[in-house]
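Reading the structure
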Amino acid sequence: MAEQNIFILGIESSCDDTSASVIHNGTILSNVVANQKIHEAYGGVVPELASRAHQQNIVPVVDQALKKAGITKEQLHAIAFTRGPGLMGSLLVGTSFAKSLAYGLNIPLIDVNHMQGHILAHFIDEKGYNKPPFPFLAMTISGGHTQIVRVEHYFDMTVIGETIDDAVGEAFDKSGKILGLGYPAGPEIDKRAKLGNPKAYTFTKPRVTGLNFSFSGLKTAILYFIQKETKANPNFIEENLNDICASIQYTIIGILIDKLKKASKETGIKHIAIGGGVSANSGIRQALKDGEQKFGWTTYIPKFEYTTDNAAMIAIVGYLKYLEGDFAEWDVMASARLKI
Ligand code: KG4
Ligand code: ZN
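Everything quoted here is computed from the prediction, not taken from an experiment. (Residues numbered from 1 in each chain as written. Chains lettered and ligands numbered in written order. Predicted model: local features only at pLDDT ≥ 70, side-chain atom pairs only at ≥ 80, totals over all residues. Heavy atoms only, no water.)

1. Side note on the overall build of the chain
In terms of helices and strands, the chain carries nine helices and ten strands. Radius of gyration (C-alpha) of the chain: 20 Å, near the 20 Å computed for a compact globule of 340 residues. Each principal axis of the C-alpha distribution contributes one length, and for the chain these read about 65 × 45 × 30 Å. Within the chain, the proportion of its 340 residues that are buried is 53%. Long-range pairs, those at least 24 residues apart, make up 73% of the contacts in the chain between residues at least 6 apart in sequence. For the chain, the computed accessible surface area is about 15,200 Å², with 50% contributed by carbon and sulfur atoms. A distance of 5 Å separates the average location of the 33 positive side-chain charges in the chain from that of its 34 negative side-chain charges. (Helix = DSSP H or I, 4+ residues; strand = E, 2+ residues; numbered from the N terminus. Rg over C-alpha atoms; globule rule 2.2 N^0.38 Å. Buried < 20%, exposed > 50% of the residue type's maximum accessible area, 1.4 Å probe, protein only. Contact = heavy atoms within 4.5 Å. Areas by Shrake-Rupley, 256 points an atom, 1.4 Å probe, with all protein chains shown as cover. Lys, Arg positive; Asp, Glu negative; His and termini not counted. Charge placed at Lys NZ, Arg CZ, Asp CG, Glu CD.)

Written out as C-alpha cells, the structure reads:
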C-alpha cells in the first residue's frame, strides 16, 4: 500500500451495534463497539429501539475511538460511514452523524457498502493474518446476510449466490428459539454441538438451484420435528439438547459447504474467505480447514473482532476509497437495500 500518513474514522450503525474505528493507513488503532443488549428480551432486533440506542451511543463511541487511537478529530483526513444495506432508522443515525462531522471538519465523506466492509476486512494489516489474493470467493454469513461473492479486485465484486429467504444466522437463532435457548442462539448451539452427535437426527437440506441458499424450510422442519417428538416425550428437548444442536449445526454447515464447493468448482477459484458473525462457529471453521485438505482450498478467516459487525471494516474500505479519491457527495442518502 502507498506510503502515506492517513487517519480515517469509520462509523458503523447498520443494525444493532454502534461502532467507531480509527485506521492509520491500513492499521487499526481503535475499534469500539457498543452492543445493544436491549434486544435480547425480544428474541430479535427491534428496529425502533435500535435507532434510539444508536442515537445515545454514537457520540461516546466516536469519542472513545478517537481517544483510544490517541488522536484528535482535527487530525482526521476523512470520515467513512455505512450507507447500507441495513435498517433504515439505524443507518440514518450513522449517516447524519458522519455527514455533520465531516462537514464541520471540512474533510471528505466516504460512503461504504456494509457487505463490501465484511469482505474487505480481510485487507486490514494484522499480524498473523494473510490477505487473500485476487480473485477469491468471499462467503459472508451473519444474522442479516448470506452471500457468496466473487471478488476480482477491491471494488470489482459480483454476488454469485445469496439466500432467497432467511440468513444463516437466523437459521441458528430461530432454531434456538424453538429449543427455548436465549437470543442470539448461535454461540450456544455451537457450544452444545461440540458435546453432541451430529448424525443423531437428519433434517432434509433445501433444494435450491445454482448458488443460492434457503433456510426457512429448515426452521419449519425443525419446528415440526420438535413438536412431534415432544408430544411423545415432553422431556425430549432437555434429554437430547446436545444431539439436537449438533444435528442442526451439521445440517447448516453441510448446506454452506455444498454451495462453496459448487462455487469453487464453477469458478475455478480456490481461495476462500469468510466473514460475518457466523464465521465464529467452530464447526464451520473446521469444515473450511478440512476443505484445504479435501479440495485444495486456501482459507481466510479474519480476526474475530473484524468478523461481527464493526467499524474497522468500514474504516479499511474508507482508506481504500480514499486512496482512489472516491468520495461521497454531501447529499448522499442512507440506502436500506444497497447492493454490492
Ligand atoms: O455479524 P453479526 O454479529 O451481526 C449481524 O447479524 O450482522 O452476526 C450475528 C449472528 C447471530 O445470528 C448469531 O447467532 C451468529 O451470528 N453467531 C453464531 C456464532 N456466533 C455468532 N452462529 C453460530 N455459531 C457461533 N459460534
Ligand atoms: Zn453485517
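2. Section: the pattern of salt bridges
Tallying each qualifying case throughout the model produces 17 salt bridges. Residue E48 pairs with R52 through a salt bridge whose shortest N-O separation is 3.4 Å. Residue E48 and its partner R52 are located together in helix α1 (residues 47-69), separated by four residues, close to a single helical turn. Residues D258 and K205 are paired through a salt bridge, measuring 3.1 Å at the closest nitrogen-oxygen approach. Of the two residues, D258 sits in helix α7 (residues 236-267) while K205 sits in the loop between α5 (186-193) and α6 (216-232), which places them 53 residues apart along the sequence. Residue class for D258 comes out partly exposed when judged on its relative accessible area of 35%. A cluster of three or more residues bridged by salt bridges with shared partners is formed by D166, E170, K174 and K219. (Salt bridge = Lys/Arg side-chain N within 4 Å of Asp/Glu carboxyl O.)

3. Re the sheet that holds strand β9 (residues 271-275)
Pairing in this open sheet of five strands is mixed, and the strands run β8-β7-β6-β9-β10 from one edge to the other. Edge positions in the open sheet fall to β8 (156-162) and β10 (298-300), since each of these has one partner strand only. Going across the sheet, the axis of each strand differs from the next one's by a mean of 25 degrees, ignoring polarity. Strand direction decides the pairing type here: strand β6 (residues 136-141) and β9, joined by four bridges, are parallel. Looking at β9, one finds that M139 is bridged to I274. (Pairing = 2+ DSSP bridges. Axes fitted to C-alpha atoms, helices over the stretch in contact; angles between N-to-C directions.)

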